[in-house]
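Below, each chain spelled out in residue letters.
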Amino acid sequence: MSPASLRLVLLLPLALAAGCREMQSDYRASAPAAMPAEQPGIRFNPGGPDLERYTNSAGQYPRATAATWWQPAYSVDGFSRLDDIFSARPVPRAQTPSPWRRAAVEPAVRYAVPPMRGGGSQTIDGYLARNPATGLLVAVGDTIHVERYQYGRTDTHRLTSFSMAKTVTALLVGLAVADGAIAAIDDPAERYVPALKGSEYGRTPIRHLLTMSSGVRFREEYDGLDDTVRLSRAVLFGPGGAGAVRQFDTREAEPGVRWSYASAETQVLGLVLTGALKRPVAGYLSERIWQPIGAEADASWVIDRTGQETTYANFSAVLRDYARLGMLLANGGRVGERQVIPADWLREMTRAHFTSTQTGRWFGYGFQTWVFPENDGSFALLGVRGQTIFVDPARRLVMVHTAVRPQARDPGGAEATALWRGLRQHFPRQDFPRQSG
């Protein structure tokens, strides 16, 4: 199938979508007339590499619509304004943001470019000149060492996460267990979502939804004809709610036997959260994570017509708040002396329940979290088209990367990982006490 056909299959229904809008974006210009004044430690670039791919004949970033936002030519605007294009629920920020320190100078990091990307050695400047990153932030502990923006994006844009949202969903499941709203992750999903009773997803234990091992058939290949298209269509423009996932009802393996990446599993987890908590997922996220980490800006989560958050994707936040989330995870789930995420839950989330050999994806897989094959405690939140939070607890090192890569599974992702390896070589391991609780 051609790229044009793929976009048509995936996106034409978006133009027909209608519904209430719970949140309006604070930023409406697709390309600011002038970039913000330079701030200490922050660098803005009104352009970026391969600029002709992302701009129109006038050199502007075209304003995206529901029918065009996924297309590369519209993605700069679309990926930074998703909560204005679709109905979304706010995730309110903290009253008092947690402060960041800033390093006096950027680190002189070099990394080895993968052979598939031409080989050789590059710097952070070289990386940004070669890759369509909209934002790049590197932090160690409470200090930001790098904060860069490209393609006219700024530190006020809420940048979308795609499947990084899956890890956020798993964090919320752990909190719901700790709060007693979910009795046990060995419970079947239908205990909390009666509308799934009698379905294969309904009888799947929450544990195996968390590890993408439900055994229910779901094909996620981003070829324009896969089950991801069916899911997105049903969530955003169809019945939403349980009806969006009941269509996937063929069992191929018993739960827990085989790993198979499936966004529908995370949407079922979102339904479980809503049913167990009896409140919107976004509000729970704000209360239990977003405000405790001291988020400086409201985040947002796209919702379906029933008001259910699309928990497999479509969460958006500013770059520094993504970094605050990453640092929460690097710190073992703690903010200061407060244990925000139970440490034992975070350990389960970030260990490989399925190895890289079993996933066939280089990474192993935990609870909705990708685990580096070294199994040294480092892990990643990953989304298509270049959205990434890499976390190394041993170094208290976090790299946040947002992008407009033109392909869902873009080979440029290997270069982002190479940059991460360069950062790990630059910043030494530190000795931290093991968290318990």
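Small disclaimer: the values here were computed from a predicted structure and weren't measured.

Reading the values: the criteria
- Residues numbered from 1 in each chain as written.
- Predicted model: local features only at pLDDT ≥ 70, side-chain atom pairs only at ≥ 80, totals over all residues.
- Heavy atoms only, no water.
- Helix = DSSP H or I, 4+ residues; strand = E, 2+ residues; numbered from the N terminus.
- Rg over C-alpha atoms; globule rule 2.2 N^0.38 Å.
- Contact = heavy atoms within 4.5 Å.
- Areas by Shrake-Rupley, 256 points an atom, 1.4 Å probe, with all protein chains shown as cover.
- Lys, Arg positive; Asp, Glu negative; His and termini not counted.
- Charge placed at Lys NZ, Arg CZ, Asp CG, Glu CD.
- Expected span 1.5 Å × (residues − 1).
- Buried < 20%, exposed > 50% of the residue type's maximum accessible area, 1.4 Å probe, protein only.
- Core = buried A, V, L, I, M, F, W, Y, C linked by side-chain atoms within 4.5 Å.
- Pairing = 2+ DSSP bridges.
- 1 Å grid on protein atoms, 1.4 Å probe; cavity = no way out; pocket = protein on both sides within 12 Å on 5 of 7 lines; lining within 4 Å.
- Points joined across faces, edges and corners; volume = space filled by probe spheres on them.
- Nonpolar A, V, L, I, M, F, W, Y, C, P; charged D, E, K, R; others polar.
- Salt bridge = Lys/Arg side-chain N within 4 Å of Asp/Glu carboxyl O.

A. Structural context of the overall build of the protein chain. Along its length, the protein chain carries 15 helices and 17 strands. Its C-alpha atoms give the protein chain a radius of gyration of 20 Å, within 12% of the compact-globule value 22 Å for 437 residues. Viewed in the frame of its principal axes, the protein chain has a C-alpha envelope of about 55 × 55 × 45 Å. The contacts in the protein chain between residues at least 6 apart in sequence include a share of 69% that link residues at least 24 apart. Entry remark: accessible area of the protein chain is about 16,500 Å², with carbon and sulfur atoms responsible for 52%. Computed over 49 positive and 42 negative side-chain charges, the separation of the two mean positions in the protein chain equals 0 Å.

B. Quick look at helix H12 (residues 319–330). Under the 1.5 Å per step criterion, the end-to-end length of H12 is 16 Å for twelve residues, consistent within 8% with the ideal 16 Å. When you tally the buried positions in H12, you get twelve out of twelve residues, the bulk of the element. Listed in full, the buried residues belonging to H12 are Leu319, Arg320, Asp321, Tyr322, Ala323, Arg324, Leu325, Gly326, Met327, Leu328, Leu329 and Ala330. Phi turns positive one or two residues past the end of H12, at Gly332, with a value near 70°.

C. Structural view of the nonpolar core. Judged by nonpolar contacts, the single largest core of 131 residues is most densely connected at Tyr201, Ile289 and Phe315. Here this core takes nine residues from helix H6 (residues 164–178), the largest share from any one element. Those residues within four positions of Ile289 in sequence are excluded, and the remaining contacts are Leu171, Leu172, Leu175, Tyr284, Leu325, Leu328, Val340 and Ile341.

D. Broad picture of the pairing of strand E16 (residues 387–392). By the criterion of burial, E16 is predominantly enclosed, with six of the six residues buried. Here E16 shows a buried face lined by Gln387, Ile389 and Val391 and a second buried face lined by Thr388, Phe390 and Asp392. Sheet analysis places strand E15 (residues 379–383) next to E16, joined by five bridges and oriented antiparallel. Across the sheet, the residue bridging to Leu382 is Thr388, located in E16. In this antiparallel pair of consecutive strands, E15 and E16, the connection spans three residues, and Arg385 shows a positive phi of 65°. Turn length for the E16-strand E17 (residues 397–403) hairpin, with the two strands adjacent in sequence and antiparallel, is four residues, and the turn residue Arg396 shows positive phi of about 50°.

E. Layout of empty space enclosed by the protein. Scanning all chains against the criterion turns up two cavities of 30 Å³ or more. Around the largest cavity sit Met212, Ser213, Ser214, Gly215, Val216, Phe218, Arg258, Ser260, Ala262 and Glu265, which together line it. Its residues assigned to classes, the lining of the largest cavity shows four nonpolar, four polar and two charged. Estimated volume of the second largest cavity: approximately 30 Å³. Lining the second largest cavity, in full, are Phe79, Thr134, Leu159, Thr160, Gln387, Thr402 and Ala403. Looking at the lining of the second largest cavity, the elements with two or more residues in it are strand E8 (159–160) and E17. Residue composition of the lining of the second largest cavity, grouped by class: three nonpolar, four polar and no charged.

F. Expanded view of the pattern of salt bridges. On inspection of all chains with the given rule, the structure shows 38 salt bridges. The closest approach of N and O atoms between Arg207 and Asp186, which form a salt bridge, is 2.8 Å. Pair noted here: Arg207 is in helix H7 (residues 206–210) and Asp186 is in the loop between H6 and H7, with a separation of 21 residues, a long-range link. Under the relative-accessibility criterion, Arg207 is labelled partly exposed at 27%. Exposure remark for Asp186: the relative accessible area of 48% places this residue in the partly exposed category. Arg421 serves as the salt-bridge partner of Glu374, at 2.6 Å between the closest nitrogen and oxygen. Here Glu374, found in the loop between strand E14 (370–371) and E15, pairs with Arg421, found in helix H15 (residues 413–426); they are 47 residues apart in sequence, far enough to count as distant. Overall, the relative accessible area of 29% leaves Arg421 in the partly exposed class.

G. Seen up close, the pairing of strand E7 (residues 143–149). Burial runs high along E7: seven of the seven residues are buried. Pairing geometry for strand E1 (residues 43–44) and E7, over two bridges, is parallel. Across the sheet, Phe44 pairs through a bridge with Tyr149, a residue of E7. Taken together, the two bridges between strand E3 (residues 101–102) and E7 define a ladder with parallel strand orientation. Paired with Arg101 across the two strands is Thr143, which belongs to E7. When strand E6 (residues 133–140) meets E7, the two strands line up antiparallel, connected through six bridges. In the sheet register, Gly135 faces E7, and the bridge partner there is Tyr149. In textbook terms, the turn of a hairpin is the stretch between consecutive antiparallel strands, and for E6 and E7 this stretch comprises two residues, one of which, Gly141, has a positive phi near 60°.

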